[in-house]
Amino acid sequence: ERRAPRAGRKGRTPTTMSEARGARSRSGSPSIKIKKHDDLKKIKKTGKLRKRGDTWTSRAWRERFVILHGEELLWYKSKKEKKPQNSLDLLDPSLKMKLGNGELKIQNSKKTYYFRADSNEELEKWHKELLDVRKNGVPIADDEEVESKTSRDGGEMAVEE
């Protein structure tokens, strides 16, 4: 007779890798559907890169389809996938990037990711695009700009330019 393991029992040895990792799901990954015309305008670069992480379970180089969408870097297992495996917010203040040894190292407060391209020139193009996003940041929406130029009581404020 086989019994199903009891969930949440402390002191029990995990029997699968997902249990050992804490049974984290990928449901936290963003689900971006790039169908609308406005969303297509936000795509700055797409292509295949090889990626690896810094933990013992993710040290192998795996090919991923990568999209630079607005201020996010998203990667998918393949071009056919609808949901990204993961993403990075390029405007995260803790984010650090370094290009060297044929690799692009991107580190945030949680994890370090390594990317490789088929050529150093292609990797340099990706690095330049990512730096441009970080340098330019997010443009202020028209509503926010107007709101900042008026006082709280609705009266006009003097704005120096």
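To start, this report covers the structure provided alongside it.

Conventions and cut-offs
Residues numbered from 1 in each chain as written. Predicted model: local features only at pLDDT ≥ 70, side-chain atom pairs only at ≥ 80, totals over all residues. Heavy atoms only, no water. Helix = DSSP H or I, 4+ residues; strand = E, 2+ residues; numbered from the N terminus. Buried < 20%, exposed > 50% of the residue type's maximum accessible area, 1.4 Å probe, protein only. Pairing = 2+ DSSP bridges. Axes fitted to C-alpha atoms, helices over the stretch in contact; angles between N-to-C directions. Salt bridge = Lys/Arg side-chain N within 4 Å of Asp/Glu carboxyl O. Expected span 1.5 Å × (residues − 1). Contact = heavy atoms within 4.5 Å. Core = buried A, V, L, I, M, F, W, Y, C linked by side-chain atoms within 4.5 Å.

## Regarding unusual backbone geometry
At Asn-101, a position not held by glycine, the phi torsion is positive, near 55 degrees. Following the sequence through the fold, Asn-101 ends up in the loop between β5 (96-100) and β6 (103-107). With relative accessibility at 78%, the residue Asn-101 sits in the exposed group.

## Points about the sheet that holds strand β2 (residues 62-69)
The strand order β4-β3-β2-β1-β7-β6-β5 describes an open sheet built from 7 strands, whose pairing is antiparallel. The open sheet terminates on both sides in strands that have one partner only, identified here as β4 (86-89) and β5. Within this sheet the neighbouring strands show an average axis-to-axis angle of 30 degrees, counted without direction. Pairing of strand β1 (residues 43-52) with β2 involves 8 bridges; the strand directions are antiparallel. Residue pairing across strands places Lys-48 opposite Phe-65, the latter belonging to β2.

## Thoughts on the pattern of salt bridges
Opposite charge on two side chains lets them pair, provided their charged atoms get close. Scanning all chains against the criterion turns up 5 salt bridges. The partner of Lys-48 in a salt bridge is Glu-63, and the shortest N-O contact between them spans 3.8 Å. Taken together, the residues span a long stretch of sequence, with Lys-48 in strand β1 and Glu-63 in strand β2 at a distance of 15 residues. Note on Lys-48: relative accessible area 53%, which makes it exposed.

## What to know about the pairing of β6
Pairing of β5 with β6, which is carried by 5 bridges, proceeds in the antiparallel orientation. Within β6, the residue paired with Met-97 across the bridge is Ile-106. Hairpin connection from β5 to β6: 2 residues lie between these consecutive antiparallel strands, with Asn-101 at a positive phi of about 55 degrees. Alignment of β6 against strand β7 (residues 112-116), held across 4 bridges, turns out to be antiparallel. Opposite Ile-106, over in β7, you have Tyr-113 as the bridge partner. The loop that links β6 with its antiparallel partner β7 comprises 4 residues.

## Focus on helix α3 (residues 120-136)
Helix length check: α3 (17 residues) gives 24 Å between terminal C-alpha atoms against 24 Å at 1.5 Å per residue, within 8%. On its buried side, α3 packs onto β1, β2, β3 (72-76), β5, β6 and β7. Positive backbone phi, approximately 65 degrees, marks Gly-137, located one or two places after α3.

## Here's the deal with the nonpolar core
Across soluble globular proteins, you tend to see nonpolar side chains buried next to one another. Within the largest apolar cluster, 18 residues are counted, with the highest numbers of intra-cluster contacts made by Leu-73, Ile-106, Phe-115 and Leu-130. Elements that contribute at least two residues to this core include exactly β2, β3, β6, β7 and α3. A per-element tally of this core places α3 first, with 4 residues.

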